[in-house]
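Residue strings, one per chain:
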2 protein chains.
Amino acid sequence: MALINENYLKLKAGYLFPEIARRVKAFTEANPDAAKRLIRCGIGDVTEALPEAVRYAMHEAVDEMGKRESFHGYGPEQGYDFLRQAIAKNDFQARGLNIEADEIFVSDGSKCDTGNILDIFGSGNKIAITDPVYPVYVDTNVMNGNTGDADENGAYGGLVYLKCTPENNFVADIPKEKVDLVYLCYPNNPTGAVATRAQLEAWVKYCLANDTTLLYDAAYEAFIRDPELPRSIYEIEGARECAIEFRSFSKNGGFTGVRCAFVVIPKTLMGRKKDGSKHPLHPLWSRRHSTKFNGASYIVQRGAEALYTDEGKAQVKELIEHYMGNAALLVEACKKAGLPVYGGVNAPYVWVGCPSGLSSWQMFDKMLNEANVVITPGSGFGSAGEGWFRISAFNSRANVEEVCRRIAALK
Amino acid sequence: MALINENYLKLKAGYLFPEIARRVKAFTEANPDAAKRLIRCGIGDVTEALPEAVRYAMHEAVDEMGKRESFHGYGPEQGYDFLRQAIAKNDFQARGLNIEADEIFVSDGSKCDTGNILDIFGSGNKIAITDPVYPVYVDTNVMNGNTGDADENGAYGGLVYLKCTPENNFVADIPKEKVDLVYLCYPNNPTGAVATRAQLEAWVKYCLANDTTLLYDAAYEAFIRDPELPRSIYEIEGARECAIEFRSFSKNGGFTGVRCAFVVIPKTLMGRKKDGSKHPLHPLWSRRHSTKFNGASYIVQRGAEALYTDEGKAQVKELIEHYMGNAALLVEACKKAGLPVYGGVNAPYVWVGCPSGLSSWQMFDKMLNEANVVITPGSGFGSAGEGWFRISAFNSRANVEEVCRRIAALK
C-alpha cells in the first residue's frame, strides 16, 4: 500500500473548530434544556441574510444556465473577467492602487488559498507566523513538511513564532532574524488588532531588505472604519515587490456558505530558485490554478460581482454596520465586567482576557456551562493566546444583547 | 525571497487545453469569417441546459439564504449530510454496494480532488498511469515532486506508463512490476474505452496482492449503457481494501460551470508508514478537507441533491441520451470516413485514428483550418496518443450533425 504523508501525523488532536463542536455537542446532549438557550459566538461565521443584490444576480445566473444559448460550462480557472475587472477596479484602482485584473485569481475560499499557496513554494524556507494565529497557516505548513514536531505547548519546530501580546498591542514586532516567508493578517483573526500604516511600512521595508515574501491576509478589511488604516498591503510602497494578498467575500458579503474569495499576485513579485536566480510567482500560481482547480462556480461569481454594484455596496455597508454595532456592545460589556479587552473597533472579533486564574479552555467551559455561550478559547490559536478568548460579533443584535447580559451576570 | 517549488519548472509548456485555446484564438483572429462557423468538440465540456430540477433547487436555496432563519454559513467541510446520504443511497446502496455516507467527501470538482489527493501520500511511492491519460494526474505528480524530468517524448522519469493501444482495446494491462499507486479512469478520458468486470477484477486482485492503492476515476460512469459493465470500482470484491473512487456531477448533471464532485474513501482503506505499519487514509483526507477546504457552496450542494430526485434522474437520463446519440453519429461518421474508431459507445468521447501520415497536432490543425472543428490532439494525453484524436460528444445535435458532414467532406 502507498506510503502516506506522515507529516499529517504531527498535527495536534483536531483542528480547533472541530474540537469546539465536539464539546458543544457533548454539552447539548447532556443538557437539552440549557442547550435551547445556547448562543454561538465561537466560529467566525456570518449570520445575517445574503444581500439582496447577490441573490438577485444568482437567480439570474441560475436562469441563464437553463438555456443552452446562455449556459456556462467550464469557465476560466483564474476567474471570469467580469469579476476580476470589478475587483481590480473597486478594491484597488478606485483607491489609487496599481493592481490589474489579471493579477487577481478568483477561488472558492480563502482557507483553500492560504493553504494551497504553499504548493508553489519549495522546502527549506524559514517561515514566520504570529502567535496567536489562524490555525490554517500553521497546520498547512505542518502538512507540507515545513516543520518539525510540536512541543508540549503545541509549538512546531522550525517555525518562527512572533508573539503578539498586550505589550505590542497584538501587532507582531519585526523579527531580528531573516525569514523567507511571513504570514500577517490585519484586521487580525483572532485578536481584532489592526496594523497602522507605519507598522505595515516597517514590515514591507523588512521584507524588501531581507527578500522575504509576505503572505498578507486581508479577509477582514471591510471592517476597518478608521480611514487612516490601510485596507490593502498594496497601499504600502514596495508591496508589489514582496507581498501576496488574500481577500474573501465571506465576511463582507456574507459568503461563508456561498464560497468565493481571491488572491492577488502582482506580476512583479519574485521567488528564487536554489541556484539563486529569480522566478516570478504569478505564472506558478496560474499554473497551479489551471491544473488543480477548475474555477469558482459561475453562479457564485455572478453573485460576487453584484457586491460591487451600488445596491450591493449599500447592502454590504449595512451588514458591516450591523456587525460592528454588535462588536461595540460586546467590547462595552466585557469592559464593564472588568476584563481586559482588545479588538472589536476595526474588526469583528473581540479579544478578551480570561478572569484571573482561568485558562482559555476553562473559560470556554465556564461560558458554555454558566452562560450557555460558545466562545473560542485563545489558546486554540497558539500558546500566546493562553488566558484569552475570542468573541465573534457575527450574530443577530438580539443575541448579542443577550450575550452582554449573560456576561454581566457571570459569577 | 522565498524558494519556489522548482518541480513546477519541469512541466511541459502549458496544460493541453490552454494550448488548444491559444491555437483557436490565433485561428479566429486570422480568419474572422471561418471563425463564425467554428464548432468546438475539443474540451470535454457539456453544452446543454442545466436540468430544471437543479435550477429549481438552487433558486430555493438562494431564497433560503435571504432569510436569517434559513441562512447557511459555513457548512460541514466534508459536505452536507443531505447530499452525502443521497449519494450513498442512490449511487451505491441502491446498487447493493456497501458505501456509507461518511465515506463520501463532497468537493467543488474532480480536477481538484484528483490533484489534491496526492497531499495525503508521501514521497517515494512508485506511481503508474495509463498512456494516453488525463493530463492532471501526471502534472500534479510532477508538481508534487514525484517524478524526474520529462524526456523528448514528454514522458517523466520515475512514472510507470501503462500503454493503451488498439492491441489491448485501450484498457491498461496489469503491470509486471509492483507499483504503490495506480490511476485508472473508466469510462476512459480520452479514449472512451471501458473496462469489463473481468478486467477490473484482475486489477483489484493485483492491487490486493501488491499492496497497491488504486485511484479510480469514474467521472463518466453515467455514460455506461451496457448493464454488464461495472459503474463503480466497489462493484468488485476487495475494492474497499484498495481503492479510492472519484465521481463528479460535471458530466451527468451538466455541472462543469456549477462545480460539485465527490470522493469515496472507504474506512477500510489503509496506507502505510515508512516503518511498515498501516494507517487508514480516511482520517487523513478528512483532515485535509477540514484544513484546506471549506465545503462546497450550500446552493450548489442543494442543486446536486436534486439530481437524485425522480425529476432529476429523468432529466439526467435525457441529457445522457442526447450526448450518447451525438456519440453514435460521430462514431458512424468517422467509420464512414475510413478512420479507425474507438469509444463513443459507453462514453461521451470518440477516439479516432488520424488519416495516414498525420500527427495528432497536424490533424488538429487540419480539422481547425479545413473543417473549422476543434478536436483534441491525442498526443496531448501522452505519447501513446500520437496519431489519434479525441472528439467530444458534448454538443447540440445540430452541431454534431454538421461536424459529421464536415468530416465526410474532409480531403
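What you see is a predicted model, and the numbers here were worked out from it, not measured in a lab.

*Asks:* Even after reading the chapter, I still don't get the domain arrangement of chain A, so can you show me in this structure?
*Replies:* A common way to report how large an interface is uses the accessible area buried once the components associate. Residues and elements named next belong to chain A. For chain A, the assigned domains are domain 1 (9-49 + 311-409) and domain 2 (54-307). Taken over both partners, the interface formed by domain 1 and domain 2 buries close to 3200 Å², and the fraction arising from carbon and sulfur atoms is 62%. Seen at the junction of domain 1 and domain 2, the total is zero salt bridges. Our count for the domain 1 to domain 2 interface comes out at 15 residue pairs in polar contact (both at pLDDT 80 or more). Secondary structure elements with two or more residues in the side of domain 1 that touches domain 2: α10 (310-336), β11 (341-343), β12 (349-353) and β15 (388-392). No other element matches α10, which puts eight residues into the side of domain 1 that touches domain 2. Partitioning the side of domain 1 that touches domain 2 into residue classes produces 19 nonpolar, nine polar and six charged.

*Asks:* Any chance you could explain unusual backbone geometry here in plain terms?
*Replies:* If a residue is not glycine, its phi is most likely negative; likewise, a peptide bond is most likely trans. All names here are of chain B. Residues Y186 and P187 are joined by a peptide bond in cis, for which omega reads -10°. In this structure, P187 sits in the loop between β5 (181-185) and α7 (197-210). The linkage connecting N189 with the following residue, P190, adopts the cis geometry, with an omega of 20°. Among the secondary structure elements, P190 is positioned in the loop between β5 and α7. At R259, a position not held by glycine, the phi torsion is positive, near 80°. Mapped onto the elements of the fold, R259 is located in the loop between β7 (243-248) and β8 (261-264).

*Asks:* I'm lost on the UniProt feature "domain: Aminotransferase class I/classII large" (unreviewed entry) in chain A in this one. Help?
*Replies:* Sites flagged by UniProt as "domain: Aminotransferase class I/classII large" (unreviewed entry) map to residues 42-407 of chain A. Across residues 42-407 of chain A, the secondary structure splits into 34% helix and 16% strand, with the terminal C-alpha atoms separated by 15 Å.

*Asks:* Would you mind going over the relation of the copies chain A and chain B with me for this structure?
*Replies:* The operation relating the two chain copies consists of a rotation about an axis and a shift along that axis. Between chain A and chain B, which share one sequence, the superposing operator has a rotation angle of 180° and an axial displacement of 0.0 Å; the RMSD is 0.0 Å. Taken together, the rotation and translation describe the operation of a two-fold axis. Within chain A, H59 of chain A has its C-alpha nearest the rotation axis, a separation of 3.0 Å. Mapped onto chain B, 100% of the interface residues of chain A are again interface residues, and the two copies thus contact each other with one and the same surface.

The rules behind each value
Residues numbered from 1 in each chain as written. Chains lettered and ligands numbered in written order. Predicted model: local features only at pLDDT ≥ 70, side-chain atom pairs only at ≥ 80, totals over all residues. Heavy atoms only, no water. Domains from an automatic or database assignment. Buried area = accessible area lost by both parts, 1.4 Å probe. Salt bridge = Lys/Arg side-chain N within 4 Å of Asp/Glu carboxyl O. Polar contact = N/O pair within 3.5 Å; in protein donor to acceptor, adjacent residues only side chain to side chain. Helix = DSSP H or I, 4+ residues; strand = E, 2+ residues; numbered from the N terminus. Nonpolar A, V, L, I, M, F, W, Y, C, P; charged D, E, K, R; others polar. UniProt positions renumbered as here; feature names shortened; annotations may be inferred. Least-squares fit on C-alpha atoms with pLDDT ≥ 70 in both. Contact = heavy atoms within 4.5 Å.

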